[in-house]
Amino acid sequence: MIATVVTQNEVSAVGIQLQGVTTTGFQIRLREQEANAQSHVAETVHYLAWEPGSGTVNGLRYEVGSHGVNDLSTPQWFAAAFAGTPVFPLFLSAAQTTVGEEAYSIRQTVLTRARAEEKLQEDDSFDTESQHALETVGYVVLGTPGPPGGGKDAVFVAMGDSITFGFGDDIPSDDFQDGTL
């Protein structure tokens, strides 16, 4: 479930919180900054509901799912790699739960052909505490199918430089789930 406010009927900014997302419905509320009174005039909200799964539609690969995200950057590996051309993966996400008490936004920190990383950033308009509970985040990724051997099954040949000696890849967040660098 992905939703967004498409009108501006009041001067205060507002975000969306979803909860109770099922195959037959969901609950939605508008949430102003934490320091503001939590009352807002009606706004128009558009949404996209898509069941979890993967496949191809009109030549575009898609994957729909959910994962747990908190205030630390959290990777979500795609079931298969997406190609980088002609359409680089488009990644959309939205929170499906409201476990924590404070309002938050989802921040995408990485997007590659094989994964996206996100974290939750709490609203700090009332306090500076920034830790947030684990929330369920739904996502949709669209793109052209990856080439055979893309992603984890790819074979790379490196010649020269320190990468062939095994030094230099010290970024754990770009490792595969099984620990492969």
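Shown above is the structure to which this text applies.
Everything in this summary refers to the structure shown in the same document.

Criteria and thresholds
- Residues numbered from 1 in each chain as written.
- Predicted model: local features only at pLDDT ≥ 70, side-chain atom pairs only at ≥ 80, totals over all residues.
- Heavy atoms only, no water.
- Helix = DSSP H or I, 4+ residues; strand = E, 2+ residues; numbered from the N terminus.
- Buried < 20%, exposed > 50% of the residue type's maximum accessible area, 1.4 Å probe, protein only.
- Pairing = 2+ DSSP bridges.
- Axes fitted to C-alpha atoms, helices over the stretch in contact; angles between N-to-C directions.
- Polar contact = N/O pair within 3.5 Å; in protein donor to acceptor, adjacent residues only side chain to side chain.
- Contact = heavy atoms within 4.5 Å.
- Salt bridge = Lys/Arg side-chain N within 4 Å of Asp/Glu carboxyl O.
- Phe/Tyr/Trp six-rings, centres within 6.5 Å; stacked < 30°, edge-to-face > 60°.
- Lys NZ or Arg CZ within 6 Å of the ring centre and 35° of its normal.

Residues other than glycine seldom take positive phi values, yet Asn58 does so here, at roughly 50°. Its place among the elements puts Asn58 in the loop between β5 (53–57) and β6 (60–69). Given the relative accessible area of 80%, Asn58 is considered exposed.

This part takes up the sheet that holds strand β7 (residues 74–77). Judged by pairing direction, the sheet is antiparallel, and its 3 strands sit side by side in the order β7-β10-β9 without closing on themselves. Of all the strands in the sheet, the pair left with one neighbour each is β7 and β9 (104–111). Here the average twist between neighbouring strands, direction ignored, is 30°. One ladder, built from 4 bridges, connects β7 with strand β10 (residues 115–122); its direction is antiparallel. From the neighbouring strand, Trp77 faces β10, where its bridge partner is Arg115.

Moving on, we come to the side chain of Gln76. With respect to the helices, strands and loops of the structure, Gln76 is situated in strand β7. Polar contacts involving the side chain of Gln76 include one to the side chain of Tyr139, which spans 3.3 Å. Contacts of Gln76, omitting those with residues within four sequence positions, involve Ser66, His67, Ala114, Arg115, Ala116 and Tyr139.

This part covers the pairing of strand β11 (residues 135–143). Of all the 9 residues making up β11, 7 are buried; the element is thus mostly covered by neighbouring parts of the structure. As paired strands, β6 and β11 are joined by 9 bridges and run antiparallel to one another. Looking at β11, one finds that Ser66 is bridged to Gly138. Here strand β8 (residues 90–95) runs beside β11; their pairing, made up of 6 bridges, is antiparallel. Bridging across to β11, Phe91 finds its partner in Val141.

All right, on to the pattern of salt bridges then. Scanning the model with the defined rule gives 1 salt bridge in all. Of the charged contacts, one joins Arg115 and Glu117 as a salt bridge, the two residues approaching to 2.9 Å between their closest N and O atoms. The same class applies to Arg115 as to Glu117, namely buried.

What the rule picks out here adds up to 5 aromatic pairs. Here the aromatic rings of Trp50 and Tyr62 are separated by 4.9 Å at their centres, their planes lie at 35°, and the arrangement is tilted. Here Trp50, found in the loop between β4 (45–48) and β5, pairs with Tyr62, found in strand β6; they are 12 residues apart in sequence, far enough to count as distant. Taking the relative accessible area as the measure of exposure, Trp50 reaches 32% and is therefore partly exposed. Its relative accessible area of 16% is what places Tyr62 among the buried residues. Ring geometry for Phe91 against Tyr139: centres 5.7 Å apart, planes inclined by 20°, an arrangement best described as stacked. Remark: Tyr139 occurs in strand β11 and Phe91 occurs in strand β8; sequence separation between them is 48 residues. Here Phe91 matches Tyr139 in class, with each residue buried. Grouping aromatic residues by their ring pairs yields a cluster made of Phe78, Phe82, Phe91 and Tyr139. In this structure, Arg61 is placed above the aromatic ring of Phe82, and the distance from its NZ or CZ to the ring centre is 4.3 Å.

Note that every value here comes from positions in space, so none of it alone points to a role or purpose.
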